[in-house]
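Listed here are the chains, written in short residue letters.
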Amino acid sequence: MSDALQVLLYRSDVRANIIERPTASQSIVVFSAILKKLHASYTGQKKLFERPVFRPFMVRINSIGGVKLLDCMSEQQMTELIEHVVASDLGLAST
């Protein structure tokens, strides 16, 4: 729990982007997958915390949420989607 709060409070811009997007903030599955990816980035190179990286990431997740019902995805499916967005859409091998 303290790790999750530490990650969420690390950068206000990241926190605001999550909270301001209902696709991410109102779905436990989506929020959890994003937070797990942020945690991995936090313990690594912190690339996902950079504004030019995180904003397009959230825009992409939000746009996918306009086509797919993300709330109905399993945790595994959501994790795979997040990984795909980070690797393919953002072109990041590690975060």
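Reading guide: rules and limits
- Residues numbered from 1 in each chain as written.
- Predicted model: local features only at pLDDT ≥ 70, side-chain atom pairs only at ≥ 80, totals over all residues.
- Heavy atoms only, no water.
- Helix = DSSP H or I, 4+ residues; strand = E, 2+ residues; numbered from the N terminus.
- Buried < 20%, exposed > 50% of the residue type's maximum accessible area, 1.4 Å probe, protein only.
- Phe/Tyr/Trp six-rings, centres within 6.5 Å; stacked < 30°, edge-to-face > 60°.
- Lys NZ or Arg CZ within 6 Å of the ring centre and 35° of its normal.
- Salt bridge = Lys/Arg side-chain N within 4 Å of Asp/Glu carboxyl O.
- Contact = heavy atoms within 4.5 Å.

Caption draft 1: Structural context of unusual backbone geometry. Backbone geometry at Lys 46 places phi at a positive 60°, although glycine is not the residue there. On the secondary structure map, Lys 46 appears in the loop between helix 4 (28-42) and helix 5 (51-65).

Caption draft 2: Seen up close, the environment of Gly 91. Among the structural elements, Gly 91 can be located in the segment after helix 6 (75-89). Relative accessible area serves as the criterion here: at 55%, Gly 91 is assigned to the exposed category. Along the primary structure Gly 91 and Val 53 are separated by 38 residues, whereas in three dimensions their C-alpha atoms are 9.9 Å apart.

Caption draft 3: Structural detail: the packing of aromatic side chains. Here the structure, examined in full by the defined rule, presents four aromatic pairs. Ring geometry for Phe 54 versus Phe 57: centroids 5.6 Å apart, planes at 40°, classification tilted. Remark: Phe 57 and Phe 54 occur in helix 5; sequence separation between them is three residues, near one turn of the helix. As far as the burial class goes, Phe 54 and Phe 57 line up, both buried. The aromatic ring of Tyr 42 is capped on one face by Lys 46, whose charged end is 4.8 Å from the ring centroid.

Caption draft 4: Representation of the pattern of salt bridges in the model. One pass over the structure, following the stated rule, counts four salt bridges. Its salt-bridge partner being Arg 51, residue Asp 13 comes within 3.2 Å of it at the nearest N-O pair. Of this pair, Asp 13 sits in helix 2 (residues 12-19) while Arg 51 sits in helix 5, and the two are 38 residues apart along the sequence. The class of Asp 13 is partly exposed, set by a relative accessible area of 21%. Here Lys 37 makes a salt bridge to Glu 83, at a shortest N to O gap of 3.1 Å. In this pair, Lys 37 is assigned in helix 4 and Glu 83 in helix 6, connecting sequence segments 46 residues apart. The buried category is assigned to Lys 37, whose relative accessible area is 11%.

Caption draft 5: Quick peek at the environment of Leu 70. Within the secondary structure, Leu 70 is located in the loop between helix 5 and helix 6. A relative accessible area of 4% places Leu 70 in the buried class. Placed 43 residues apart in sequence, Leu 70 and Ser 27 show a C-alpha to C-alpha distance of 8.0 Å. Once residues lying within four places of it in the same chain are set aside, the contact partners of Leu 70 are Thr 23, Val 30, Ile 61, Ile 64, Gly 65, Met 78 and Leu 81.

Treat this as a map of the structure, not an account of what it does.
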